[in-house]
Each structure stands twice: as C-alpha cells, then as structure tokens.
Amino acid sequence: MKTSIATVSVSGDFQEKLTAIANAGFDGIEIFEQDFITFDGAPRDVGRLVADHGLTIDLFQPVRDFEGLDGAARTKAFDRIERKFDLMSELGTDLLLISSSTHAQATGGVDRLADDFNELGARAAKRGLRVGYEARAWGKYVRDHRDAWDIVRHADHASVGLILDSFHTLAAKVDPDTIRDIPGNKIFHVQLSDAPHIDMGLEYLSRHFRNMPGEGDLDIVSFLRAVMATGYAGPLSLEILNDQFRGGSARVIAADGHRSLVKLMDDLRRIEPDLDLDLPAMPAPVDVRGVEFVEFAANEKEAGTLGKMLHTLGFSRSGQHIHKAVSLWTQGDINIVINTEQEGFAHSAYVMHGTCVCDVGLNVADAQAAKARAQALGANLFSQRLGEGELNIPAVRGVGGSVLHLLDKSSNLAQVWDQEFMQMVDKDAKPVGLMRIDHFAETMKHDEMLTWTLFYTSIFNLERTPQVDVADPGGVVHSRAIQSPDGTFRLTMNGVESHRTFAGRFVADSFGSSVQHIAMETDDIFATAKALANNGFESLPMFENYYGELAARADVDADTLAEMQAHNILYDEDEHGAFLQMYSKPYGEGFFFEIVQRVDGYDGYGAVNASARTAALKRLSRPAGMPRT
Ligand SMILES: O=C(O)c1ccc(O)c(O)c1
Ligand SMILES: [Mg+2]
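Keep in mind it's a predicted model, so treat the numbers as computed, not measured. Each chain carries its own residue numbering, running from 1 in the direction its sequence is written. All chains are assigned letters beginning with A, and all ligands numbers beginning with 1, in the order in which they are written. Confidence filtering applies because this is a predicted model: local features only for residues at pLDDT of at least 70, side-chain atom pairs given and counted only at 80 or more, and all residues used for totals across whole chains, interfaces and linings. Computation of side-chain values covers all heavy atoms of the structure but excludes hydrogens and water.

Let's shift gears to the UniProt feature "binding site: a divalent metal cation" (unreviewed entry) in the protein. UniProt positions are given in the numbering used here, feature names are shortened, and annotations may be inferred rather than shown by experiment. Here the UniProt feature "binding site: a divalent metal cation" (unreviewed entry) sits at Glu134, Asp165, Gln191 and Glu239. Across 106 residues, the annotated set stays spatially compact, with a maximum C-alpha separation of 12.7 Å. Numbering of helices and strands starts at the N terminus; helices are DSSP runs of H or I of at least 4 residues and strands are runs of E of at least 2. Position of Asp165 relative to the elements: it lies in strand E6 (residues 160-165). Throughout, a contact is declared for two residues whenever any of their heavy atoms are within 4.5 Å. Dropping the residues within four chain positions of it, Asp165 is found in contact with Glu134, Gln191, Ser193, Arg210, Phe223 and Glu239. Looking at Asp165, its side chain comes within polar contact range of the main-chain nitrogen of Phe167, at 2.8 Å. With respect to the helices and strands, the residue Gln191 is situated in strand E7 (residues 187-192). Excluding residues within four positions of it along the chain, Gln191 makes contact with Glu30, Leu59, Gln61, Leu97, Glu134, Ile163, Leu164, Asp165, Ser166, Phe223, Ser237 and Glu239. Of the polar contacts made by the side chain of Gln191, one reaches the side chain of Glu30; its length is 3.0 Å. The term polar contact refers here to a pair of N or O atoms within 3.5 Å; inside protein, the definition further demands a hydrogen-donor-capable atom paired with an acceptor-capable atom, and it admits residues adjacent in sequence only when both atoms are side-chain atoms.

Encoded structure:
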C-alpha cells in the first residue's frame, strides 16, 4: 500500500521534514497548513518542492469547525474553505480533511450537517477536489466514525467521503469492527497512530502523546484489518502528534514511522494472507533464545582491571582469538569477550566511549532470517573486514551505535568459539555458579526509548512490559523490559532525562547510550555469594534500612534475612515466585554486574529494589563535577 505521513509528525523546518520523510521511504505526505506558513515560497513552490522529493501530497489539513453553523457564520465557513481550495489547487493536492466541529455555535442533526457537506461537495467537485470528514473523539456532536459515516452517507455526494483515524476510534474504545459496514470507496483516507494507555482527556492525549503504531497500547492491527475488509485501497498515513517527536531528530522519527508501517502491514499480512498489501516478502519476527556473548572494548590497562573483576566473578580466561587482541572469558553458558584491538569497530567504540560494551551476540532461531527481517525493516546492517578463518556473522547496528551480532545453533555460526579462538586453561579460575546471562540493561536518553522498543519488537519476536518509573536521588529513570514470550531472552532499557541520575551520569560520561549492567543467573545465590566472597569479590553495600523495610514487606525468616543482609542480597516477589539479586560495585563510568536467582518463574526485574540499588551505587561513584581518574 501507499505510505504517507503528516508533516506535523516530524521535527524541523519544512525542507528538513521533506528530506527526512523522503529518505525514510514514504510515498506521500499530509500537509499541515501550519507547517508551510513559515516556508519562504509560494504554495506552488511548495508543491514543486514536494514533487522534487519524489513525494505526493495526499491530504491537506486541517479545517476545523466548518459544519453546523448558521447565517453569516455559515457563509464565512464556506468562504474560508474556498480559500483552502485555492491553496490546494496550487499545492497540487485534491483532498481536504475537515475534522468534526467543537464550535460553540454549531448545531447538530444528521440532515442539517449532511446538507452542509452536500453543498461543500458540489463546490469541491467544480474544482476537481474532494473533502473528507473525520470524527474527533471530543467533537461536539460527531465523536466517532459511526457518526461521521452517517453524515457522509446522507450527504450523498461523490466528492464527500470519510476519513478514518485510528486514534479517534481506538482511544475512545469504539469497536473497530464497526468500520466493516462502510463501503471502501467512501473511505477517502486513513490516518494511523498509536497511543499509550494513560488515563487523561482524549484531546490532550491526542495532541501530545500519540506515537507510532506498535509503540503504544492501541490495537492498530484490528483497526487496519477492519479497514482493509472494506476494500479500501488508499494511502496508510501516519498522523502522529507528539511533543517529544516534535523536538526529536527528524531522520530518526521518520525512519521509525516507516518501520512501524512496514511492521504493521507485515503483521496484518500474517493474519490475512490473501490481502494484496504490495509489501516485499520478509521473514516472520525471529525468536531470540538468549545472549550468546557480550563484548567489551577496552585498552590494555582497563582490560587488565576488567579481567581481574571477571576472575573474582568466577570466570576463566578460556580462549584467545586466532589473530586479534581479543580474549574470551567463560563461566557456565556465559561468554564475555574483551577486545583491545588498535583498529576496527571495537577500537572506534573505545575511542568514542571509553571501556564499554560495544557488541552483544544474540542467540536467535535463524540468524539469516533475522538479518533479512532487520534489513526489510530499515535497520542498518553492520559488517567488518574478515580475517582468515573468521566467520561471517550477520550483524546490525543497535543502541548508541553498538553492534548486535546474530548467531544461531543451526548453522556453522555455532562453531564460532572453536573456530576463531584458541582454547586456554585458566588455573586461577574459581567458578561461583553463574550459569547464563539473565538480562542486560541498556541506558539511553528517555526520548530514544520508543525508537529502540520498536527496533527490538519489530525485528524479533519480543514483548515489552509496561514502563516503570524508578526514583533516583537525582531524578526519575524510566525503565521497561523487552523479553521473549518464554523469558529466555531479556533486556531492560533505562531512559534518562537528567544527567544527575546515576544512569544519566553514565550516558553523559560515556558519551552515549550503551549497556550499563549485565545480570547473570545462578540457581543458588547464597552459595554463589559465599564463593564470590572467597574470590575477593566486593558486593555493592546495601542500606541497613533496606532490610528493615524488607522484613516488613516480605515473608522471609530471620536467618535468611540475616544472610541476605550479610551478602547484600535484595529480594522481591511476584505472583509466580521470588527474586534474589546482588550487585557489584560500579566500575569505570558506572558500569556494574548483577547476580540474580529466579525462583518458581518470577518474571520481573526487582523494580521495588531499583531505588535502593541506584542510591547504593550512587554513594560509591565519584561526586558530580569531579574529573575522571
Ligand atoms: O486535534 C485536532 O484538532 C485534530 C485535527 C486534525 C486531525 O486529523 C486530528 O486527528 C485531530
Ligand atoms: Mg486525524
């Protein structure tokens, strides 16, 4: 299907918007009048500029408060629209959006409003133009597409049709299946947007918090499914009114928008295989089964420090790359790679961010399928020159310019450790029972979170959990998990607004978003804690008061509680089971390790403990404003 986006959805001046929209792969735009009022050029130049970007203008909007007026006010409303018709002819677009009135003087009544539209249709037809009527959820008389369709039907004019907007239907909780009764040729245009589930007035929600399909909580697939059942064949157009997007990067927002539309059409195609959506074939969302490796970029000195820390965590240095200054550290199924090369991607990541996680290897069901789907969804593929004997592992760019490698067990990629590394025996290793990576946490600016949520959930078969807000002594951190349906793969995203939070400092000090902590799983955290203590591992000291609060909150016996306190172990419960967690002290710019035990299918991340954890980390990190050492 033809894809389109309202210019109001994207930041920047008119020229920037067009460039971003065209580069993202859209076919057309909806022009918001406000968006080109400030453009230095006649409407005809605007039309030419749009065409020069390879885009069509599918809609001009909005006209508000047209219908239901009397006398002079009515005459004025028609005159006003005649001026818009002049403008549209110059711009080179034939469809005008009229959104349902909130005018204090407007009256209602189907016949009364239908008369207005019949007359407007006649005027539009004379100029070869069309008008589309959209119900706004807070309109005075017309509040959803059923009311609007009643009026359009009674207006009974070939140049008058309906405009559907998923927000107004779904946020108002109108059953989208009621759309199925409308003939497809009377639906002139379809606007799509999602929105988070926030309990607030619909007008405010609509104008400030809409987001891309798949980023919010509305059932856009059911909406679109009903629309397609009518035989509608016009554009699918994003109309996203969002304060954050208006201030964001035009390129990123437009690219997210296009990705969301492609993902939406692909979702629909999987339910309705007979629909002709004119969308290139792509593999289904790919299952993720866990983290195969985490790679740090470091210099020699910091690699030494990190290696010492890994030793105290029970890892053994078990491999050395066949050509490169890259070492492999393992414990259980956990693979940690330290890269101190002086060239290549890891080195650039080190130069840019200091010691950091530059690369994460995901264990997916089918690495080639994941790559193909990522590419179809506009992700940036990553590749690097290969040395002899090195495997060509598919990879995409992830958060903060990092890399996600895609491995699977069913191809030769499973041989990477044997093929690219010389095995070593580490006599100093004293394992502590860490088995696998439970999750890793990516810290980013808050306004990047929707982008990366969409990235992970569109390429992979992953679900997102509701956002939780964690209080840090320096501000709020927004946190959300992305996980596989069976919980074998988990990641958390922490979105920061203030550099005064512990996580915010990490983003500021390491010059960008990246992995801030790695959580590793044990099946006996008390045994692991003792073994760690024997290795000289220093756990993150917890507050005395935490255990007082825990005693009141949870049903834990006094001995267990004392043991938890002795090892700085934190505790949470959900409807399934229990969660025990402990942390390392912060390292470098605020990176840390976590050790967790999930009991009886606990499915969360210890959100109740997050504030205590953050405060505990913060009191150990250098004071704000102090230089790095
Ligand atoms: O908020 C509004 O007024 C408004 C205007 C035009 C639209 O298409 C819309 O969905 C809302
Ligand atoms: Mg709309």
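On the UniProt side, "binding site: Mg(2+)" (unreviewed entry) is annotated at positions that read His439, His517 and Glu594 here. What stands out for the annotated residues spanning 156 residues is how close their C-alpha atoms remain, the widest pair being 9.3 Å apart. Residue position: His439 is located in strand E17 (residues 436-445). Residues in contact with His439, not counting those within four places in the same chain, are Arg490, Leu491, Thr492, His517, Ile518, Ala519, Glu594, Arg598 and Tyr605. Side-chain polar atoms of His439 contact the side chain of Asp438, separated by 2.7 Å. The topology assignment puts His517 in strand E22 (residues 514-521). Only protein chains enter the area calculation, which uses a 1.4 Å probe; residues under 20% of their type maximum are buried, those over 50% are exposed, and those in between are partly exposed. Classification of His517 as buried rests on a relative accessible area of 3%.

Attention now moves to the site of ligand 1. Residues in close proximity to ligand 1 total 13 residues, the closest being Arg64, Arg136, His168, Arg207 and Glu239. The side chain of Arg136 places a nitrogen or oxygen atom 2.7 Å from an oxygen atom of ligand 1. Here an oxygen atom of ligand 1 sits 2.7 Å away from a polar atom, N or O, in the side chain of Arg207. For the accessible areas, the method is Shrake-Rupley and the probe is 1.4 Å, while residue cover comes only from the protein chains on display. Here ligand 1 has 290 Å² of accessible area as a free molecule, and 99% of this is covered by the chains. A per-element tally of the shell around ligand 1 places strand E3 (residues 56-64) first, with three residues. Three residue categories are used. Nonpolar comprises Ala, Val, Leu, Ile, Met, Phe, Trp, Tyr, Cys and Pro, charged comprises Asp, Glu, Lys and Arg, and polar comprises the others, including Gly. In terms of residue class, the shell around ligand 1 is made up of three nonpolar, three polar and seven charged. If a single non-hydrogen atom of a residue is within 4 Å of a molecule or strand, that residue counts as near it.

Time to look at the coordination of the magnesium ion (ligand 2). Here the magnesium ion (ligand 2) is held by Glu134 (OE), Asp165 (OD), Gln191 (OE1) and Glu239 (OE), and the distances to it run 2.0 to 2.2 Å. We call an atom a donor if it is N, O or S and sits within 2.8 Å of the metal, or 3.2 Å for Na, K and Ca. Water is not counted, so some sites may look partial. Any site counts as irregular unless it has four donors with all angles between 85 and 135 degrees, making it tetrahedral, or four or six donors with opposite ones more than 155 degrees apart and the rest between 65 and 115, making it square planar or octahedral. For the magnesium ion (ligand 2), the six donor atoms are set out with angles of 76 to 178 degrees between them, so the coordination reads as octahedral.

Next up on the list: the sheet that holds strand E8 (residues 236-238). Two strands qualify as a pair provided DSSP detects at least 2 bridges between them. Pairing is parallel around the closed barrel formed by eight strands, whose spatial order is E1-E2-E3-E4-E5-E6-E7-E8. Adjacent strand axes in the sheet meet at a mean angle of 30 degrees, parallel and antiparallel pairs treated alike. Two strands pair when backbone bridges link them, and strand E5 (residues 130-134) and E6 are joined in this way by three bridges, in the parallel orientation. Bridge assignment links Gly132 to a residue of E6, and that residue is Gly161. Axis lines are fitted through C-alpha atoms, for helices just across the contact stretch, and the angle between N-to-C directions can take any value from 0 to 180 degrees. Each of strand E4 (95-99), E5 and E6 touches helix H5 (residues 110-126); the most contacted strand, E5, lies at about 150 degrees to it. Along the sheet, helix H6 (residues 145-155) contacts E5 and E6; its crossing angle with E6, the most-contacted strand, is approximately 170 degrees.

With that settled, the discussion passes to the packing of helix H1 (residues 14-24) against helix H3 (residues 43-52). Two numbers describe how H1 lies on H3: the axes approach to 10 Å, and their chain directions differ by 25 degrees. The angle between H1 and H3 places the two elements in the roughly parallel class. Pair H1 / H3 crosses with right-handed handedness. For the pair H1 and H3, the contacting residues are Phe14, Gln15 and Leu18 in the first and Val46, Leu49 and Val50 in the second. A class-by-class count of the residues in the contact of H1 with H3 yields five nonpolar, one polar and no charged. With respect to orientation, any angle under 35 degrees is reported as roughly parallel, any angle over 145 as roughly antiparallel, any angle of 65 to 115 as roughly perpendicular, and every other angle as oblique. Crossings are sorted by hand: turned counterclockwise from the far helix by less than a right angle, the near helix makes the crossing left-handed, and turned clockwise it makes it right-handed.

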